[in-house]
Structure formats: C-alpha cells, structure tokens
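Fold and geometry: a report
This is what each chain is made of:
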Amino acid sequence: MRVCSTCEAIDRCGLKDEGLFDLCPKLKTVEKTVSSEVQKESATIGIDKGILQKYFGYSEFRQLQQDIILDVLNRKDVLVLMPTGGGKSLCYQYPSLLFKGLTIVISPLISLMKNQVDSLRSNGIPAEYINSSLNYEEIIKIKSALLQNRIRLLYIAPERLVIPAFLSFLKGLEISLFAIDEAHCISEWGHDFRPEYRQLKIIGTSFPDVPIIALTATATTKVREDIINQLDLKDCRKYIASF
C-alpha cells in the first residue's frame, strides 16, 4: 500500500488506526491494492458511463463515487462520509439502474423523500415513496408496481420498515440494496440521534444477503464505529471524502 510523503512524515497514522488506510485525503484519491483491483474487475456488473450521462447528466464521476459504486455493485457493505452536495445519492441511485432487484432507501423526512423521488422521475427513473402523506389506494397501487418489479427505488421511513405487515411484504420482493441515508441518526453519540433508526438492525437479520450502504455528511470516529456496529456491516468498506 502506498502513502504520500506527508503521511510518512508523521509518527501515527489515524487513517490506518481506523481501518481507512486505503484513503489518502492529501491526494484526494483512493489508493488500491492489486487484490482489490482484481476483485473489482471480476464484477459481474460494470460501470456504464452512458447510463451516467443519460439519467444523471454527468460525463464523469466525482471524487470517490466510482470506487464506492464498484463496491456496491460487488455487493459489499459500504460506509460513506461525504459532504452535503458531494454526490452521496448517486452512490446508490446509479447502482439501482444496474441491479435486477429493488433498491430501498431509508430516509428520515417526508420532504426529502419527495424531493428525491421527483428528481428521479424527472430523469426517467421509476421511483416511489411510501409514507403517511399517501392514502390507502395510493399505497396499494405502489405495492402492485413493486410486485411487478416496475420500480427501481423505493423510499421509506425507518418506522415503516419495522411494521410487521410491511416487513413481510418486503420479504416477498427481490431486493438488491438497502441505502441508509442520514446514517448518523442511528448513533447515540451523534448530534441528531433518532431512536427509530436503532430498529434498522432488523435489516441484517431479515435480509442477511442484501448489502447495505450507509451514508452521512457528518460523523465522528465514534459515530462511524457505532453506525457499523448497529447495522452489523460485514467487512465494511469505508470512504471519507475531503471536506
């Protein structure tokens, strides 16, 4: 593993201690080992920049996005710390177009769900949300579309995920990815702790083979460790973008 001369000049490497040694913020890039390169090149799903241009209007990925997406496509659990406006949502929205099954996004606020879904729809991506703003008939219509695999992304609140009847419904779907937005809310050590986020550990027990990507714009070292432990992320890949 290579490190920059700045890192070599100090006695203690905080990134190494945190298991983030493959990330070099000084160079604003991710250093890769040969073994990780081989693993990513053997992925059954690859990067298609035509999709990036068609649905998101970008010709290139931003810092770290492609590496994160490759890990997601390789069905790895991933933790992403990236500033607001840094492109976190693309890290799960792009893979949702390549996965065969559904991507479920856990989001804490109805307004955030609506904004994201409206934006995705305007770009031609079939997305829906289920929350308390919808009536019974609207929810039934969305559930029917889900059963027909006509939706790529579904946004829900953490409280809905743990409703027994809804959880049972989800178990009948083909789910490819869980994305936990505002993941710092799961940690009691964070500034915005939400008790309902603690219930998200049910994802690992109910969907043990489905990968998870946890995303946040703010998390201390302790909060990041808590996110990984509470969600029981396996062999978690960690990415911290430059702020």
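This section reports on the structure supplied with the text. (Residues numbered from 1 in each chain as written. Predicted model: local features only at pLDDT ≥ 70, side-chain atom pairs only at ≥ 80, totals over all residues. Heavy atoms only, no water.)

Considerations on the sheet that holds strand 3 (residues 78–81)
The sheet built from seven strands is open, its strands ordered 5-6-4-7-8-3-9 with parallel pairing. In this open sheet, the two strands that pair with only one neighbour each are strand 5 (127–130) and strand 9 (237–240). The average undirected angle you get between the axes of adjacent strands in this sheet is 20 degrees. By the bridge criterion, four bridges tie strand 3 to strand 9 in an arrangement that is parallel. Opposite Leu79, over in strand 9, you have Lys238 as the bridge partner. Contacts from helix 7 (residues 110–122) reach strand 5 and strand 6 (153–156), with the element oriented near 160 degrees to strand 5. (Pairing = 2+ DSSP bridges. Helix = DSSP H or I, 4+ residues; strand = E, 2+ residues; numbered from the N terminus. Axes fitted to C-alpha atoms, helices over the stretch in contact; angles between N-to-C directions. Contact = heavy atoms within 4.5 Å.)

Some thoughts on the packing of aromatic side chains
Enumeration according to the criterion identifies three aromatic pairs in this entry. Relative to Tyr94, the ring of Phe61 lies with its centre 5.5 Å away and its plane at 80 degrees, an arrangement referred to as edge-to-face. One end of the pair, Phe61, is in the loop between helix 4 (49–56) and helix 5 (65–73); the other, Tyr94, is in helix 6 (residues 90–96), with 33 residues separating them in the sequence. Take Phe61: its relative accessible area is 13%, and that puts it in the buried class. (Phe/Tyr/Trp six-rings, centres within 6.5 Å; stacked < 30°, edge-to-face > 60°. Buried < 20%, exposed > 50% of the residue type's maximum accessible area, 1.4 Å probe, protein only.)

Looking at helix 4
Inspection of helix 4 places Ile51, Leu52 and Phe56 among the buried residues, and these make up the whole buried set. Mapping the buried residues of helix 4 onto a view down its axis gives an arc of 105 degrees, with all of them on the same face. Where the residues of helix 4 are buried, they touch helix 6. A distance of 2.8 Å separates the backbone nitrogen of Gly50 from a side-chain oxygen at the start of helix 4, and that oxygen is part of Asp48. Looking one or two residues beyond helix 4, the residue adopting positive phi is Gly57, at roughly 80 degrees. (Arc of directions from axis to C-beta. Polar contact = N/O pair within 3.5 Å; in protein donor to acceptor, adjacent residues only side chain to side chain.)

A closer look at the environment of Ile51
The residue Ile51 is located in helix 4 in this model. Placed 46 residues apart in sequence, Ile51 and Leu97 show a C-alpha to C-alpha distance of 8.2 Å.

With respect to the nonpolar core
Judged by nonpolar contacts, the single largest core of 74 residues is most densely connected at Ile68, Ile180 and Ile213. The greatest single-element share of this core, amounting to five residues, is contributed by strand 7 (residues 175–180). Once you skip the residues sitting within four places of it in the chain, Ile68 turns out to touch Val78, Val80, Met82, Cys91, Ile213 and Tyr239. (Core = buried A, V, L, I, M, F, W, Y, C linked by side-chain atoms within 4.5 Å.)

What to know about the environment of Ile212
For Ile212, the position within the fold is in strand 8 (residues 212–216). Residues Ile212 and Asp232, 20 residues apart in the sequence, show an inter-C-alpha distance of 9.6 Å. In this structure, Ile212 is in contact with Lys76, Asp77, Val78, Leu177, Phe178, Ile180, Ile203, Leu231 and Leu233, ignoring residues within four places of it in sequence.

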